[in-house]
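# Descriptive structure summary
Each chain is listed here by its residues.
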Amino acid sequence: MRGNVIDLAVAVVIGAAFTNIVNSVVKGVINPVVGAFGTKDLERYASCIKGPCTRSAAGEVTKGVYIQWGSVLSATLTFLITAAVVYFLMLLPMKRWQDRQAARTPAETKPDEPTEIELLAQIRDALTEQRRGPGSGSDSVPAQR
């Protein structure tokens, strides 16, 4: 594929805007649904790995060491949803469109390959040179007897 800077710039802008939409969907819909199976939002799921662990009312760690596996799960879901949407709504249709365009375009002959007329002209010139013989120096073709 040939690179196109404008296409890449548009893709980056669309991707950045789309990431905000996916983040909102994951935080506003997916996390609460997954959190409904427990007692809190998915972002707040954590495991205590050291000492007596306590949190403030705001959810901040006040004592102990937590592994914030809920936020990792949330980020993973965000990535998977973004990747799936980009693949199925952008890449797959673009690939199909490019395949259709390639099928419509007739195959062109390679510019390196000479045409039949050029080959016949080369054969004619070679035969003319053979008839003249080496060192004849004449530009005209000898008459046939």
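Residues numbered from 1 in each chain as written. Predicted model: local features only at pLDDT ≥ 70, side-chain atom pairs only at ≥ 80, totals over all residues. Heavy atoms only, no water.

The name given to the protein chain in an unreviewed UniProt entry is MscL family protein, with the source organism recorded as Streptomyces luteoverticillatus.

To continue, consider the overall build of the protein chain. Along its length, the protein chain carries three helices and two strands. When the helices and strands of the protein chain are read in sequence order from the N terminus, they spell out α-β-β-α-α. Considering the protein chain as a whole, with its 145 residues, one finds that 8% of them fall into the buried category. The long-range share in the protein chain, meaning contacts at least 24 apart out of those at least 6 apart in sequence, stands at 31%. (Helix = DSSP H or I, 4+ residues; strand = E, 2+ residues; numbered from the N terminus. Buried < 20%, exposed > 50% of the residue type's maximum accessible area, 1.4 Å probe, protein only. Contact = heavy atoms within 4.5 Å.)

Glancing now at the state of the cysteines. According to the stated counting rule, one finds one disulfide in the structure shown. Each sulfur of the disulfide joining Cys48 and Cys53 lies 1.6 Å from the other. Looking down the S-S bond of the Cys48 and Cys53 bridge, the torsion is 65 degrees, so its handedness is right-handed. Among the residues examined, Cys53 registers a relative accessible area of 21% and is labelled partly exposed. (Disulfide = S-S within 2.5 Å.)

What follows is about the pattern of salt bridges. Counting across every chain of the model gives three salt bridges. Residue Arg124 pairs with Asp125 through a salt bridge whose shortest N-O separation is 3.1 Å. Among the ionic pairs, Glu129 bridges to Arg132, the shortest N-O distance being 3.0 Å. Residue Glu129 and its partner Arg132 are located together in helix α3 (residues 116-132), separated by three residues, close to a single helical turn. (Salt bridge = Lys/Arg side-chain N within 4 Å of Asp/Glu carboxyl O.)

The next subject is the environment of Ala46. Examined against the element boundaries, Ala46 turns out to sit in the loop between α1 (5-36) and β1 (47-55). Apart from the residues lying within four places of it in its own chain, the contact partners of Ala46 are Arg55, Tyr66, Ile67, Gln68 and Trp69.

Looking now at the packing of aromatic side chains. Inspection of every chain in the model, using the stated rule, returns one aromatic pair. When the ring of Tyr87 is compared with that of Phe88, the centres are 5.0 Å apart and the planes differ by 80 degrees; the resulting orientation is edge-to-face. (Phe/Tyr/Trp six-rings, centres within 6.5 Å; stacked < 30°, edge-to-face > 60°.)

Attention now moves to the packing of α1 against helix α2 (residues 69-104). Between α1 and α2, whose axes approach to 9 Å, the crossing angle comes to 130 degrees. Classed by the angle they form, the pair α1 and α2 counts as oblique. In this structure, α1 meets α2 at a crossing whose hand is right-handed. Here Ile14, Phe18, Val22, Asn23, Val26, Ile30 and Asn31 of α1 come into contact with α2, specifically with Ser74, Leu77, Thr78, Ile81, Thr82, Val85 and Met90. The class makeup of the residues in the contact of α1 with α2 is nine nonpolar, five polar and no charged. (Axes fitted to C-alpha atoms, helices over the stretch in contact; angles between N-to-C directions. Parallel < 35°, antiparallel > 145°, perpendicular 65-115°, else oblique. Left-handed = near helix turned anticlockwise from the far one by under 90°. Nonpolar A, V, L, I, M, F, W, Y, C, P; charged D, E, K, R; others polar.)

Moving on, we come to the UniProt feature "transmembrane region" (unreviewed entry) in the protein chain. When the UniProt feature table is mapped onto this chain, "transmembrane region" (unreviewed entry) is found at residues 66-92. In residues 66-92, the share of helix is 89% and the share of strand is 7%. The end C-alpha atoms are 41 Å apart. (UniProt positions renumbered as here; feature names shortened; annotations may be inferred.)

Relative to the 46 Å expected for 32 residues at 1.5 Å per residue, α1 spans 45 Å between its end C-alpha atoms, a close match to the ideal helical length. Along its length, α1 shows its largest kink, about 35 degrees, at Val26. Burial in α1 covers these residues: Phe18, Val22, Val26, Asn31 and Gly35. Elements that come into contact with the buried residues of α1 comprise α2. (Expected span 1.5 Å × (residues − 1). Bend = angle between axes of the 7 residues up to and from the residue.)

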